[in-house]
Amino acid sequence: MRVMAQLAMVMNLDKCIGCHTCSVTCKQAWTNRTGVEYVWFNNVETRPGQGYPRRYEDQETWRGGWTLNRRGRLALKGGGRFKKLLTIFSNPKLPAIDDYYEPWTYDYEQLTNAPLQEHTPVARPKSLLSGKDMKISWSANWDDDLAGAPDHGDKDVLLKGIADKVRFEFEQTFMFYLPRICEHCLNPSCAASCPSGAIYKREEDGIVLVDQDRCRGWRMCVSGCPYKKVYFNHRTGKAEKCTFCFPRVEVGIPTVCSETCVGRLRYIGLMLYDADAVLAAASTANEHDLYEAQRRVFLDPNDPAVAAEAERAGIPRDWVEAARRSPVYALINTYKVALPLHPEYRTMPMVWYIPPLSPVVDVVRDTGHDAEDRGNLFAAIEALRIPVDYLAQLFTAGDPAPVDAVLRRLAAMRSYMRDVNLGRDPDERIASAVG
Ligand code: SF4
Ligand code: SF4
């Protein structure tokens, strides 16, 4: 066992209201500069949606002839010698500025001096399709217009919205917000992909940074990061990325996005993990087992053997104490309500998410009660608004069982707390579901 410490974050998606305060304050602090106008170290995606850069989850497209091996390095797959030679001298496909959405400058004068207009001004929608097919508008931080509605392929039917079919399908729409920053991965493929060795993971707290003096602008990190969270500064010719606000956390202040989050949904904490177990966990054969394999890499800070190893590794005692109090450890390992984003990328991401329970439509409509009412609790889980399969494709490589277990626990916790707050004896079935 080789104990190391890592700063990590858990975000509770039920609490995100999509206000984008985190994105704007992060931008003001870190990327309000020439060369990175298009960059959002923190962005908030509408789901279902394309993400930022758009379709970044389509890994095959972005990697071209390359693939990530278990050490997180870009490696060539298939093809003859000539094809391999060609690929070596070409960076895998990079997102273009259109994939990031065009940057814009806020004109603050407009806030006070703009003439009265008939409609509320909005950012100009950017359509990915044209003419009759024009129905998808998108940007780095909004993707709202169709949410989860099934695609009719017929704009007129959509706009009129009178057919029973359309009404029925819109009742099934769902959406939620997914804030994203760099994952500060345990197995960071950005670092493994860099030919200059400019990207490194800080030994003391695991924050992944770009050494600006060593960066030669190869941009292999942009290709190598499956979350597309490294960006190219076209003024300096260097790569840049989220720094987990290290100058702030070093003096005990939270990251800008956490401190300014309106929903108070970002939990920061210290985790202890077994560095010797990372590669084996990242190589877990079955994709469905990856999130659990990563969970096992995290060490229990209350275990005296772990504390002793931490001391031998030079980790300060107050850091071990901080790991014991860590809300991140509690949410991931103790309560088991947080899951990693796309564990199948095998980079061992360190920003985990509590999946959204969201309103439970059927129950609300039929009875006027919501999922927190104990009479409805277990029926409610069967009538979730956001399909479990959709969440599973984000958080567990498509395995619905662990997502279902988390949602049941969340609903049970809410119901339990409602009983407690109302002075009722908690229902036994609910208490056992809370665990
Ligand atoms: Fe590197 Fe991407 Fe992981 Fe961040 S999310 S550490 S940029 S591989
Ligand atoms: Fe969501 Fe918080 Fe960001 Fe607002 S500030 S969009 S609530 S994560």
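See the structure above.
Report on the accompanying structure. (Residues numbered from 1 in each chain as written. Chains lettered and ligands numbered in written order. Predicted model: local features only at pLDDT ≥ 70, side-chain atom pairs only at ≥ 80, totals over all residues. Heavy atoms only, no water.)

Turning next to the side chain of Lys241. Here Lys241 is to be found in strand β9 (residues 238-241). Although buried, Lys241 forms no salt bridge, and the nearest oppositely charged side chain, Asp205, lies 11 Å from it. One polar contact links the side chain of Lys241 to the main-chain carbonyl oxygen of Val208, over a distance of 2.7 Å. Beyond its immediate stretch of four places on either side in the chain, Lys241 contacts Phe41, Cys182, His184, Val208, Val210, Lys229 and Val230. (Helix = DSSP H or I, 4+ residues; strand = E, 2+ residues; numbered from the N terminus. Buried < 20%, exposed > 50% of the residue type's maximum accessible area, 1.4 Å probe, protein only. Lys, Arg positive; Asp, Glu negative; His and termini not counted. Salt bridge = Lys/Arg side-chain N within 4 Å of Asp/Glu carboxyl O. Polar contact = N/O pair within 3.5 Å; in protein donor to acceptor, adjacent residues only side chain to side chain. Contact = heavy atoms within 4.5 Å.)

In terms of nonpolar packing, the biggest core is built from 100 residues, with Leu272 and Phe395 touching the most fellow members. A total of eight residues in this core trace back to one element, the largest contributor, which is strand β1 (residues 3-12). Look past the residues within four positions of Leu272 in its chain and what remains in contact with it is Val3, Met4, Ala5, Val297, Phe298, Leu299, Pro301, Val306, Ile315, Val320 and Ala323. (Core = buried A, V, L, I, M, F, W, Y, C linked by side-chain atoms within 4.5 Å.)

Here the focus is the pattern of salt bridges. Under the defined criterion, the tally for this structure stands at 15 salt bridges. We note a salt bridge from Arg33 to Glu240, for which the minimum N-O separation is 2.6 Å. Separated by 207 residues along the polypeptide, Arg33 in the loop between α1 (21-30) and β2 (43-47) and Glu240 in strand β9 bring together distant segments of the chain. Relative accessible area serves as the criterion here: at 38%, Arg33 is assigned to the partly exposed category. Residues joined by salt bridges that share partners form a network here, namely Glu45, Arg47, Glu57 and Arg180.

This brings us to the site of ligand 1. In the vicinity of ligand 1, the contacting residues are Cys182, Glu183, His184, Cys185, Pro188, Ser189, Cys190, Val208, Cys225, Tyr227, Val230 and Lys241. More than half of the atoms of ligand 1 fall within 2 Å of the grid points belonging to the second largest cavity. Its residues assigned to classes, the shell around ligand 1 shows eight nonpolar, two polar and two charged. (Near = heavy atom within 4 Å. 1 Å grid on protein atoms, 1.4 Å probe; cavity = no way out; pocket = protein on both sides within 12 Å on 5 of 7 lines; lining within 4 Å. Sits in = over half its atoms within 2 Å of the grid points. Nonpolar A, V, L, I, M, F, W, Y, C, P; charged D, E, K, R; others polar.)

This part is about helix α16 (residues 327-334). Looking only at α16, the buried set comprises Val328, Tyr329, Leu331, Ile332 and Asn333. On its buried face, α16 is in contact with β1, β10 (266-274), α13 (290-297), α15 (317-324) and β12 (351-354). Residue Ser326 occupies the N-cap position of α16, its side-chain oxygen lying 3.2 Å from the main-chain nitrogen of Val328. Lys336 sits one or two positions beyond α16 and adopts a positive phi of about 55°.

The next subject is the pairing of β2. For β2, the tally of buried residues reaches five of five residues, placing the bulk of the element in the interior. Judged by which residues are buried, β2 turns out to be covered on both faces: Asn43, Glu45 and Arg47 on one side and Val44 and Thr46 on the other are all buried. By the bridge criterion, five bridges tie β2 to strand β5 (residues 176-180) in an arrangement that is antiparallel. Counterpart to Asn43 in the pairing with β5 is Arg180. (Pairing = 2+ DSSP bridges.)

Okay, the sheet that holds β12 next. Within the open sheet, the four strands sit side by side as β10-β1-β12-β11. Their pairing is mixed. If you trace the sheet from one side to the other, it starts and ends with β10 and β11 (339-340), each paired once. Pairing geometry for β1 and β10, over nine bridges, is antiparallel. Following the sheet pairing, Leu7 is matched in β10 by Leu270.

It is worth spelling out the packing of aromatic side chains at this point. Evaluation of the coordinates by the stated rule reveals 11 aromatic pairs. Note on Tyr52 and Tyr100: the rings are 5.6 Å apart at their centroids and 70° apart in plane angle, and the pair reads as edge-to-face. Of the two residues, Tyr52 is situated in the loop between β2 and α2 (59-63) and Tyr100 in helix α4 (residues 97-100); the sequence distance between them amounts to 48 residues. Tyr100 shares its class with Tyr52; the two are buried. Summarising the aromatic geometry, the rings of Tyr353 and Phe395 are spaced 5.8 Å apart at their centres and angled 40° between planes, so their arrangement reads as tilted. On the criterion of sequence distance, the pair formed by Tyr353 in strand β12 and Phe395 in helix α19 (residues 388-395) is long-range, its members being 42 residues apart. (Phe/Tyr/Trp six-rings, centres within 6.5 Å; stacked < 30°, edge-to-face > 60°.)

Geometry only, nothing functional implied.
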